[in-house]
Amino acid sequence: MAKQKASKQKKMNVRVDFTPMVDMMMLLITFFMLCTTLQKPQAMQLTMPSNDKNVQEQDRNEAKASQTMTFYLAGNDKLYYVEGITKYDDPTCLKETTYGEGGIRKLLLEHKTEDESQPVWWIRKAMETLEKEKKDKPEVPDSVWEQKLSEIKKGNISVVEIKDLPASIKVPTKVPTMTIIIKPLDVATYDNMVTVLDEMQISGINTYVIDKVSEDDQKLLTAKGIKYE
């Protein structure tokens, strides 16, 4: 019986057409461009001095001495501060504190104005209350919470109902706001600056400014034995 030849399998060239894939990718890119929510821009709110001519000169600047603090960021992670108006001829007005919860944050929370109120403490308490309300009401838009937070940082803490306080403590509807002046010395580090700015956000400070060290500041620091460069 004749032996049959084994049939050879015919090889076929496989070719994938990617033209439809390109069209599909373009459609997906267009879809995501139109439907994706871009990052919201962040802006710093500034409180500008009044230009109203009917306002008296002493009332043009809202920040009183008891509502003002100046921080000097020095070398070796040192932090100094002045409560109220800086007295350049009195080195004893310059005091030392530390970074973190037990230093600058504690200092801001416990700071009292001329009427013995603690504005930063109240604002921080209102912010904590707002955060709890936000967790309990996830259906409320973020824009509503942002508006309330903005009002709280302006001192209008009546936008939330602060609880968990003794009955003898009367919750104010509005508290004064602090004005913080930050003066980093040439010997300070970038981390020091970031830490202080973080504390401004944590403490709910709405008005703060980063200022240069003046000649009077240099004389004050020298009298205190602090290197500024």
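Everything below is about the structure shown above.
Here's a quick rundown of the structure.

### Looking at the pairing of strand 2 (residues 79–83)
Each regular strand carries side chains that alternate between the two faces of the sheet. Burial within strand 2 is extensive, with four of its five residues counted as buried. As defined by bridge partners, strand 1 (residues 68–73) adjoins strand 2 across five bridges and the pair is classed as antiparallel. Counterpart to Thr70 in the pairing with strand 2 is Val82. Linking two consecutive strands that pair antiparallel, namely strand 1 and strand 2, is a turn of five residues; a positive phi of about 55 degrees is found at Asn76 within it.

### A few points about the pattern of salt bridges
Taken as a whole, this structure holds six salt bridges when the rule is applied. Close ionic contact of Glu96 with Lys78 constitutes a salt bridge, the shortest N to O distance being 3.4 Å. Here Glu96, found in strand 3 (residues 95–97), pairs with Lys78, found in the loop between strand 1 and strand 2; they are 18 residues apart in sequence, far enough to count as distant. With relative accessibility at 45%, the residue Glu96 sits in the partly exposed group. Between Lys106 and Glu110 there is a salt bridge, with the nearest N and O atoms lying 3.1 Å from each other. Within this pair, Lys106 and its partner Glu110 are both found in helix 2 (residues 101–110), separated by four residues, close to a single helical turn.

### Remarks on the packing of helix 2 against helix 5 (residues 190–202)
When two helices pack together, you describe them by how their axes are tilted relative to each other and by the distance separating the axes. Two elements in contact, helix 2 and helix 5, have axes separated by 10 Å at closest approach and are oriented at 35 degrees. Helix 2 and helix 5 meet at a crossing whose hand is right-handed. Listed contacts from helix 5 to Ile104, Arg105 and Leu108 of helix 2 are Val196, Glu199, Met200 and Ile202. Its residues assigned to classes, the contact of helix 2 with helix 5 comprises five nonpolar, no polar and two charged.

### Focus on the environment of Gly103
The residue Gly103 is located in helix 2 in this model. Using a relative accessible area of 3% as the deciding quantity, one classes Gly103 as buried. Ignoring sequence-local partners within four residues, the contact set of Gly103 consists of Thr97 and Thr98.

### Side note on helix 5
The terminal C-alpha atoms of helix 5, which comprises 13 residues, lie 19 Å apart, in line with the 18 Å expected from a rise of 1.5 Å per residue. Along its buried surface, helix 5 packs onto strand 1, helix 2, strand 4 (179–184) and strand 5 (207–210). Looking one or two residues beyond helix 5, the residue adopting positive phi is Gly204, at roughly 75 degrees.

### Section: the side chain of Thr129
Its place among the elements puts Thr129 in helix 3 (residues 119–136). A polar contact of 3.0 Å, which involves the side chain of Thr129, links it to the backbone oxygen of Lys125. When neighbours within four sequence positions are excluded, Thr129 is seen to be in contact with Val160, Glu161 and Ile162.

### Some thoughts on the nonpolar core
Within soluble globular proteins, side chains that are nonpolar tend to cluster in buried spots. Met69, Phe71, Leu73, Leu108, Ile180, Ile182 and Met200 are the most contacted members of the largest nonpolar core, which totals 19 residues. Within the residue set of this core, elements represented by two or more residues are strand 1, strand 2, helix 2, strand 4 and helix 5. Setting aside its immediate chain neighbours within four residues, Leu108 contacts Met69, Phe71, Val120, Ile180, Met200 and Ser203. Of all hydrophobic cores here, the second largest spans 11 residues; its members include Ile123, Ala126, Ile152 and Ile162.

### What about the sheet that holds strand 2?
Ordered in space as 3-2-1-4-5, the five strands form an open sheet in which the pairing is mixed. Edge positions in the open sheet fall to strand 3 and strand 5, since each of these has one partner strand only. Across this sheet, the average inter-strand angle for adjacent strands is 25 degrees, counted without regard to direction. Relative to strand 1, helix 2 is tilted by about 170 degrees, and along the sheet it contacts strand 1, strand 2, strand 3 and strand 4. Sitting on the sheet, helix 5 is in contact with strand 1, strand 4 and strand 5, with an inclination near 175 degrees to strand 4.

Cut-offs and rules
- What you see as residue numbers is a count from 1 along each chain, following the sequence as written.
- The predicted origin of the model limits local features to residues at a pLDDT of at least 70 and limits the giving and counting of side-chain atom pairs to 80 or more, whereas totals for whole chains, interfaces and linings rest on all residues.
- The side-chain numbers reported here are obtained from all heavy atoms of the structure, hydrogens and water having been left aside.
- For every residue, the accessible area (1.4 Å probe, protein chains only) is compared with the maximum for its type, and the residue is labelled buried under 20%, exposed over 50%, or partly exposed between those bounds.
- Only DSSP runs of H or I covering at least 4 residues are called helices, and only runs of E covering at least 2 are called strands; the numbering of each starts at the N terminus.
- At least two DSSP bridges between two strands are required for those strands to pair.
- The term salt bridge refers to a side-chain nitrogen of Lys or Arg lying within 4 Å of a carboxyl oxygen of Asp or Glu.
- Angles here are taken between N-to-C directions and fall from 0 to 180 degrees, while the axes themselves are lines fitted to C-alpha atoms, restricted in helices to the stretch in contact.
- In this scheme, a crossing is called left-handed if the near helix is turned counterclockwise away from the far one by less than a right angle; it is called right-handed if the turn is clockwise.
- Only heavy atoms enter the contact rule, under which two residues are in contact if any of them lie within 4.5 Å.
- Classification convention: Asp, Glu, Lys, Arg as charged; Ala, Val, Leu, Ile, Met, Phe, Trp, Tyr, Cys, Pro as nonpolar; all other residues, Gly among them, as polar.
- Here, expected helix span is obtained from the residue count minus one, scaled by 1.5 Å.
- Two N or O atoms count as a polar contact when they lie within 3.5 Å, although within protein this holds only if one can serve as hydrogen donor and the other as acceptor, and sequence-adjacent residues are included solely when both atoms are side-chain atoms.
- Buried Ala, Val, Leu, Ile, Met, Phe, Trp, Tyr and Cys residues that are joined via side-chain atoms within 4.5 Å together make up what is termed a nonpolar core.

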